[in-house]
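# Per-entry structural report
As a plain string of letters, each chain reads:
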Amino acid sequence: MIQARTALLRSSRSSLHRFVNVTSTATTKFAAYQTSRVSLTSFSRSLATKADTSSSNYAKVFNPNSEKVGLDNLDTFARRHIGPTPANVEKMLKTLGYNDLNEFLAQAIPEHILFKRKLKIQPQQGFTESEMLDHLHEIANKNKIVKSFIGKGYAGTKLPPVIQRNLLESPEWYTSYTPYQPEISQGRLESLLNYQTVITSLTGLPMANASLLDEGTAAGEAMAMSYHNLKGKKSIYVVDSNLHPQTLDVIKSRAENISVQIVELPLSTDAGVEQLKSILKDVCGALVQYPGTDGSIHNYKQIGELVHSNKGLFAMATDLLALTLIKPPSDFGADIALGTSQRFGVPFGYGGPHAAFFSTSMKYSRKIPGRIVGLSKDRLGKPALRLALQTREQHIKREKATSNICTAQALLANISAMYAVYHGPEGLKNIAKRVYGFTTLLANQIQSNSTHQILNDKWFDTLTIQLNQVSADEVLLKALNKHNINLFKVNESTVSVTLDETVETKDLIALIDTFTGKSFDIASINDTLPSLPTELLRTDQILTNEVFNTHHSETALLRYLHLLQSKDLSLANSMIPLGSCTMKLNATVEMQTLSIPGFNSIHPFAPIDQAQGYKQLVDEFEKDLNDITGFDATTSMPNSGAQGEYTGLSLIRQYHKSRGDYEKRNICLIPVSAHGTNPASAAMCGLKVVPVKCLSDGSIDLVDLQEKAEQYAENLCSIMITYPSTYGLFEPGVKKAIELVHKNGGLVYLDGANMNAQVGLTSPGDLGADVCHLNIHKTFALSHGGGGPGQAPVCVKEHLKPFLPSHHFVQTPHSTNESIKSVNSAPYGSASVIPVSYSYIKMLGADALPYVSSIAILNANYMLTRLKEYYPILFIDSNSEGLKHCAHEFILDLRDFKAIGIEAIDVAKRLQDYGFHAPTMSFPVAGTLMIEPTESENLEELDRFVDSLIAIRQEIEAFGKGDSLGNVLKNAPHSLEDIISTSQSDWETRGYTREQAAYPLPFLKTSKCWPTVSRLDDTYGDMNLICTCPSVEEVAADQN
Ligand SMILES: Cc1ncc(COP(=O)(O)O)c(C=O)c1O
C-alpha cells in the first residue's frame, strides 16, 4: 500500500532545471550586487526518502509520551536534543510558507539525492537517557581494569578531582570553540598560554604550540618540518631505533607519501653514529627518544652537532615528567622537542584523547605546526591574548601549508596545564622523584634477588628486563593473574615495566614478587627513596612563573578555573552559529561517558581480552556509521578531520598502488570553495592539486570539472568534494561530478564535515562516493573542547576496505597485508570519545536521526527567511528564479557594506555585545558571515540571534548615514572595563550611550556574556611575538 502510494507520488515529481547567469535585483539598499543563480522550478512532490520526516510523525518522535503515558520510560532524548517543539516547527514552517515538514524538505533537498532506504540503527526508537547509561555501564564493565605498567608513551596518572569536575566535566570548558574570537576567549587562551609555558620551561626551547594530536603525529610534523626546512633537497630522515614503535609507524606512513626515506639507526651506539656520518649529506633531520622506549637515558649532544653540521634539524621525543628532573632537550642542542602530555592528568582512555606538545627555537617559530597563543593588546592598549600568526593556517596556504593541524587537543592541553598549575614545580618534581625512586627500588631488587638482567643502565621510570629461565609470557601471566598488573612483552625473553604516578607500595611488592619470587619488606627502605644520579639532572629552575606557584590549594584552583571560564563564551551562554562547525548540544549523558572508569582506565596496548567492551562499542559504532554513510567499512583511527582526509586519500593512493598506478595517478581535483585542509591533505599525500572552478551560484563548474577530469584522465587520483558544499548548498551537480571522476579513473573523497544536513536523508555512499570522513566533533555531538578533541572515522566502499590502516601493537578489525600504516599513535584514535557519539546515535535511533538533519535545515532556512529582508544572502534568492533554500547553513553577504566603511569583522565583533559568538567569518567567501544554527537551538534562541542581527542592520544603516550611533560598530566589542571606566568626557565623543553599547536589546539586561577585553590588535601581536606567560621579573616590572 505504502509502496503503491510512493510510486504514485514519484511519478508526479518535479523536474529540475538549471538556469545559469540569471541576475536579480537585491532587496536592500546595500544589496545591489550581481550574482549568477541556480533556478529550481519545482512542482509539488513528496520526499523519496523512506525515512518518515512528516510534521505529524515529528510530534511522535519528539516526545513519544506526549499523548499517552504508558509502561515506557519517560526520559526520552529527542526532545532534549532537538530545540524546536512540534508547535515551533509549525510556526517556522508557516513563516516559510509551508504546512508540513515533508513539504518543506521536498523543496529544500534535490529529489535525486534522497536515498530510498530507512536507517537500520537499533534501537529504532532510541534509548532513553537512563537506558543509555545502563547500556554504557554494561559495555564499560566488559573492559577489564588492570593496572597497566605497559608504558610505550602512555603512563598512569591521577586526574585531580577539582580539575575533573570543574574542567573536564564543565560545559563552559568543553563546549567552547577554537578561540578565533579572542575577546570572548581570554580564559582558555590564558590556560593554553600556561600549557605553552609548561612545555617551553620543561623542554628548554622557547617556542611551543598549544597542542597537537598525539605523539606520533607530532613526530610526523617534526619529520615534515625538517624536510621542508631544507626545501626538500635532502630526503633522508633518521630515527633512532629506540623510538616508540607506534611513533615510527606514523612517521613512515607520513614519509612514504612525500618520498622521504626513513633510516633507522642505533644512535646511542658508536656504530650508529658512524652510520649517520656516512649518510649525513642527504639527511634533513633526526629524531631520538629521550628517555628511550626501553627506558634508557643517553646523551645525544653529538647527534645534535652532527645533524646541525649538515643544516638538518635535531628533534627529541621526550617525557614531561622526566624533564622535571633530567636535563632538557635544549642542553643537547635540540631544535625540536615533542611528545605527549598525557601523564599530566589525562587518563589512558584506550589511547586518547591526549594533547601532544611541540616546541622549537625562536629561529623556527614561524614554521611550528599547529596553533600558537600569543600576547597582543586590545583597542584600549590593554594586554590581551589571541591566536598568533593565523596567516600560517591552511586556509591561507592551502596546498602550500607545511602542516595540517586544524582541530587539535585544546581541552586536554588545558587539563595538563591545570595539572601543572595545581602541583607547581615542587609538586611535579615530587611525583617524578617518587616514580624514579620506586623504579630504582624495583631495579635494585631485580639485580640483587634474581638472575634477570636489566638492559638499560640508566632509567627514569622504565626498566627493560632480559629474563632468565622464564619466558616473557610466564612473567606477564604471573603479573596479571596474581597481581592484576599488565607489563610489556618486548620479545619472548624480555619484558619492560614503566612505573607512574599511580604506583603504590603494594604494586612495588607485587612487581618484586613477579620478578624475584621473594616477598619484600617495605619497612626496610626507611621511607627514603633513591634519587637520580647528578650527571642526569637539570640544573635550571622550572616553572618559575607566578601562575605555577600560586593556585595550590583546591580553593585557589577552583577559583582560578572559574575565573577563566567566566571570561569565555561557550554553548552554556548562547548559540554558537559557526558555519561548517556544527556547534550542537553536547548532551550531559553523552559527555558523562568520559568519566566512566571502564572506558578511561584502559591502556591502548592492553591485551585485547581486557578490552572487550571497547571491541563491542567500536564494532557497533562502525556498523551504525556504515549505515548512516552508506558505506561498507569504517576505521575509527583518525583523530581529527584533517587526519581523516589524509587517511582517506592515503587509502585511495594505496588502491591505485594495488593496481600498479601509484606513481601515475597523482592528481587531486579540488573545487576552489573547499576547506583549506583539503588541499593541505592532498599535498601531504604527495598529490598535485588541480583546482576546479565554481560557478557564481556556488556550485561546482561541471564544464571545468569535465575538462580537467578528461585532461588528467591518465593521472587522475581523486577529487575531494564537500557535500552539501562549503557554501551550504545541496548542489544539484554532485552525482554528475562523481560520475565524471569515476569515468576518468579517479576515486571520490567526500568531506563529511557537513554530514549534519544528510543523516537519514542522503549519504556519501548513496551519492556514489568511495570514501568519506566524519567529524564526530561536529555531526555526532562530541564537544569541540575549545579546539579539540576531535575524532574522524573514515568510511569506505568495499574496494577500499583491504587498505584500512593497521597498527603495530593491536590487530585492528580490518587490517590486512595491504593495509596502510597507522595514521596516528593509537589503534582507535581518541577511543574514549567514541562513547559520546555512540550514545548520541543510540539515543536518537533510526527514527529521530533524520529529524536532526531535517530540523537543522529548517532552522537555517527559518533564520534565512527572517534575515533576507535585511541582508543579502549569498546564492539564495527566493524572489526570482534563484535557489530558494539553503541546506543547514547560509551566508550573509556583507561585502557591499564595505562601500560605506563597514566590514564583516565589525558585525562579528558587535555580535559579542549582543552576547553571541560570531558566525564563521570570511569562509568560504571573504567579507561574509556563514551561519549554521544546528537542530539543537530552540526558536527563542534563533529569534534572539536574528533580532540581534536586525538591530545591527539598523546600526549599519546609521553608520551609512553618518549618524554617530553607527560608531558603536567600530568600537565593538565593549568590555565591561570600557563601559565602566571610560571617563564621561571621553565617552561623549563617541556619540552613543553606554546603554546602547552594552544593552542594545532588552534581553541582555538579564543575560549577557561580557567580552573581557576590547577589540584585539592582530598586527601588534604578530610583530611582537610573545607566546609564554610573563616571567616573575616581567610581572614585577609591570607592577612598578
Ligand atoms: C569542510 C571541512 N573539512 C575539514 C575540516 C577539518 O576538520 P578538523 O578541524 O577536525 O581537522 C573542517 C573543519 O572545520 C571543515 O569545515
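Up top you'll find the structure we're talking about.
Residues numbered from 1 in each chain as written. Predicted model: local features only at pLDDT ≥ 70, side-chain atom pairs only at ≥ 80, totals over all residues. Heavy atoms only, no water.

## Considering the overall build of the chain
Going by this rule: Here a helix means four or more residues in a row that DSSP labels H or I, a strand means two or more in a row labelled E, and each is numbered from the N terminus. Throughout, the radius of gyration refers to the C-alpha atoms, and the reference size of a globule is 2.2 Å times the residue count to the power 0.38. Classification of residues uses two cut-offs on accessible area relative to the type maximum, computed with a 1.4 Å probe and protein chains only: under 20% is buried, over 50% is exposed, and between them is partly exposed. Residues count as neighbours in contact if any of their non-hydrogen atoms are within 4.5 Å of one another. Calculation of accessible area relied on Shrake-Rupley with a 1.4 Å probe; when residues are assessed, cover is drawn exclusively from the protein chains displayed. Only four residue types enter the charge count, namely Lys and Arg as positive and Asp and Glu as negative; His and the chain termini do not. A charged residue contributes its charge at one atom only: NZ of Lys, CZ of Arg, CG of Asp or CD of Glu.
Counting its regular elements, the chain contains 36 helices and 26 strands. The C-alpha atoms of the chain give 29 Å as radius of gyration, which agrees with the globular expectation for 1040 residues (31 Å, within 12%). With the C-alpha coordinates of the chain rotated into their principal frame, the extents come out at 90 × 75 × 65 Å. Buried positions account for 65% of the 1040 residues belonging to the chain. Long-range contacts, defined as pairs at least 24 residues apart, comprise 77% of the intrachain contacts of the chain with a sequence gap of at least 6. Surface exposure of the chain reaches about 35,700 Å², of which carbon and sulfur atoms provide 50%. Across the chain, 95 positive and 107 negative side-chain charges occur, with their mean positions spaced 3 Å apart.

## Overview of the site of the ligand
To keep it simple, the criterion reads: A cutoff of 4 Å decides nearness: a residue is near a molecule or strand if any of its heavy atoms lies inside that distance of it. Between N or O atoms, a polar contact is any pair within 3.5 Å; within protein, one atom must be a potential hydrogen donor and the other a potential acceptor, and residues adjacent in sequence are included only when both atoms are from side chains. In this count, Pro and Cys sit with the nonpolar residues alongside Ala, Val, Leu, Ile, Met, Phe, Trp and Tyr, while Asp, Glu, Lys and Arg are called charged and the others, Gly among them, polar.
Inspection of the region around the ligand gives 14 residues, with Thr407, Ser580, Gly641, Asp751 and His777 positioned closest. Ser580 is positioned with one of its side-chain polar atoms (N or O) 2.6 Å from an oxygen atom of the ligand. Between the ligand and the protein, one listed contact pairs an oxygen atom with a side-chain N or O atom of His777 at 2.7 Å. In isolation the ligand exposes 390 Å². Once the protein is present, 98% of that is buried. Among the elements that make up the shell around the ligand, the one with the highest residue count is helix α23 (residues 641-658) (three residues). Of the residues contributing to the shell around the ligand, the split by class is three nonpolar, eight polar and three charged.

## Some points on empty space enclosed by the protein
Heads up, the rule is: Put plainly, a pocket is an open set of points on a 1 Å grid over the protein atoms alone with protein on both sides within 12 Å along at least five of seven lines, a cavity is a set where a 1.4 Å probe fits but cannot get out, and a lining residue has an atom within 4 Å of a point. Grid points are joined across faces, edges and corners, and a volume is the space filled by probe spheres set on the points.
Enumeration according to the criterion identifies 12 cavities of 30 Å³ or more in this entry. In this structure, the largest cavity is lined by 25 residues; those nearest its centre are Gly153, His244, Asp319, Arg343 and Asp461. Estimated volume of the second largest cavity: approximately 130 Å³. Lining the second largest cavity are 14 residues, and of these Leu168, Pro353, Leu412, Leu594 and Ser832 sit closest to its centre. Residue contributions to the lining of the second largest cavity peak at three residues, all from helix α16 (residues 410-449). Its residues assigned to classes, the lining of the second largest cavity comprises 10 nonpolar, four polar and no charged.

## Overview of the packing of aromatic side chains
Rules: Only centres within 6.5 Å qualify two rings of Phe, Tyr or Trp (six-membered ring in Trp) as a pair; their planes then separate them into stacked at under 30 degrees, edge-to-face at over 60, and tilted for everything else.
Overall, the coordinates contain 21 aromatic pairs when judged by the stated rule. Each ring, one from Tyr58 and one from Phe62, has its centre 5.4 Å from the other, and the planes form 50°; the classification is tilted. Of this pair, Tyr58 and Phe62 both sit in helix α2 (residues 55-62), separated by four residues, roughly a single helical turn. Each member of the pair, Tyr58 as well as Phe62, carries the same accessibility label: buried.

## With respect to the packing of helix α6 (residues 129-141) against helix α28 (residues 834-867)
The condition is simple: Every angle, taken between N-to-C directions, lies between 0 and 180 degrees, and every axis is a line fitted to C-alpha atoms, over only the stretch in contact when it is a helix. Between 65 and 115 degrees an angle is taken as roughly perpendicular, under 35 as roughly parallel, over 145 as roughly antiparallel, and anywhere else as oblique. For any helix crossing, the convention is left-handed if the near helix is rotated counterclockwise from the far helix by under a right angle, and right-handed if that rotation is clockwise.
In the contact formed by α6 and α28, the axes pass within 11 Å of each other and the chain directions differ by 135°. Here α6 lies oblique to α28, going by the angle between them. The way α6 lies across α28 gives a crossing that is right-handed. Only Pro835, Tyr838, Ser839, Lys842 and Met843 of α28 make contact with α6, whose side of the interface consists of Glu129, Met132, His135, Leu136 and Ile139. Split by residue class, the contact of α6 with α28 holds six nonpolar, two polar and two charged.

## Looking at the sheet that holds strand β12 (residues 462-466)
The test is simple: One requirement defines pairing of two strands: DSSP has to find at least two bridges between them.
If you walk across this open sheet you meet the four strands as β11-β12-β15-β14, and the pairing is antiparallel. Single-partner strands in this sheet number two, and they are β11 (453-454) and β14 (488-491). Sheet topology note: the β11/β12 ladder contains two bridges and is antiparallel. Looking at the pairing, Gln453 lines up with Gln466 of β12. Against the sheet, helix α17 (residues 472-483) contacts β14 and β15 (494-498), and its axis sits at roughly 175° relative to β14.

## Notes on a positive patch on the surface
For the record, the criterion: Distance thresholds for patches are 9 Å for like charges and 5 Å for nonpolar side chains (Val, Leu, Ile, Met, Phe, Trp, Tyr), applied to residues having over 30% relative accessible area and no salt bridge. When a carboxyl oxygen of Asp or Glu lies within 4 Å of a side-chain nitrogen of Lys or Arg, that pair is called a salt bridge.
A contiguous patch of positive charge, built from Lys231, Lys233, Lys363 and Lys367, is present on the exposed surface. Here Lys367 lies in the loop between β8 (356-360) and β9 (373-378). With a relative accessible area of 40%, Lys367 lands in the partly exposed category.

## Here's the deal with the pairing of β12
Across the five residues of β12, four count as buried, placing the element largely inside the fold. Relative to β15, β12 runs antiparallel, the two being bridged by five bridges. Paired with Leu463 across the two strands is Val497, which belongs to β15.

## With respect to the pattern of salt bridges
The tally for this structure, following the rule as stated, stands at 46 salt bridges. The closest approach of N and O atoms between Asp1018 and Arg386, which form a salt bridge, is 2.9 Å. Within this pair, whereas Asp1018 is found in helix α35 (residues 1018-1023), its partner Arg386 is found in strand β10 (residues 383-387), the two being separated by 632 residues in sequence. A relative accessible area of 39% places Asp1018 in the partly exposed class.

## Comments concerning helix α13 (residues 301-309)
Owing to its 3.6 residues per turn, the α-helix brings residues three or four apart onto one side. Under the convention used in this document: Each C-beta atom gives one direction from the helix axis, and the arc is the one those directions make.
Taken together, the buried positions of α13 are Ile303, Gly304, Leu306 and Val307. What you see down the axis of α13 is that its buried residues fit within an arc of 165°, all on one side. On its buried side, α13 packs onto α12 (270-279), β5 (283-290) and β6 (313-318). In the stretch just after α13, Lys311 is the one whose phi turns positive, near 70°.

## Looking at unusual backbone geometry
For the bond from Gly352 to Pro353, the omega torsion is 5°, close enough to zero to count as cis. Positionally, Pro353 belongs in the loop between β7 (336-340) and β8. In this structure, the amide linkage connecting Gly788 to the following residue, Pro789, adopts the cis form with an omega of 20°. With respect to the helices, strands and loops of the structure, Pro789 is situated in the loop between β21 (771-773) and β22 (794-796). We note that Lys231 has phi near 55°; this positive angle belongs to a residue other than glycine. Within the secondary structure, Lys231 sits in the loop between α10 (215-229) and β3 (236-240). We classify Lys231 as exposed; its relative accessible area is 65%. At Ser580, a residue that is not glycine, the phi angle is positive and equals roughly 75°.

## What about the pairing of β3?
The condition is simple: Here is how to tell: hold the view so the strands point away, follow the path from the first strand over the helix to the second, and if it runs clockwise the crossover is right-handed.
Counting buried residues along β3, five of its five residues qualify, which places the element largely inside the surrounding structure. Of the two faces of β3, the one carrying Ile236, Val238 and Asp240 and the one carrying Tyr237 and Val239 are both buried. With respect to chirality, the unit in which β3 leads through helix α11 (residues 245-257) into the neighbouring parallel strand β4 (residues 261-265) is right-handed. Pairing between β3 and β5: four bridges, direction parallel. Its bridge partner lying in β5, Val239 is registered against Leu287.

## So, helix α24 (residues 677-684)
A large share of α24 lies buried, amounting to seven of its eight residues. Taken as a whole, α24 has its buried residues at Thr677, Asn678, Pro679, Ala680, Ser681, Ala682 and Met684. Where α24 terminates, the next one or two residues include Gly686, which has phi positive at roughly 75°.

## Regarding the packing of α2 against α28
Across the interface, α2 lies against α28 with an axial gap of 10 Å and an inter-helix angle of 120°. Taken together, the axes of α2 and α28 lie oblique to each other. When the axes of α2 and α28 are compared, the crossing they make is left-handed. The segment α2 lies against α28, with Asn57, Tyr58 and Val61 engaging Asp847, Ala848, Tyr851 and Ile855. The residue makeup of the contact of α2 with α28, split by class, is five nonpolar, one polar and one charged.

## Let's talk about the nonpolar core
Formally: For our purposes a nonpolar core is just a set of buried Ala, Val, Leu, Ile, Met, Phe, Trp, Tyr and Cys residues, chained together by side-chain atoms within 4.5 Å.
Ranked by size, the top nonpolar core spans 259 residues in total, and within it Phe104, Met418, Phe515, Phe890 and Leu892 carry the most contacts. Broken down by element, this core gets its largest block of residues, 21 residues, from α16. In contact with Met418, other than residues within four places in its own chain, are Ile163, Leu167, Trp173, Ser191, Leu557, Tyr560, Leu561 and Leu564. Counting residues in each nonpolar core, the second largest holds 37 residues, with Ile258, Ala317, Ala408 and Leu1025 among its members.

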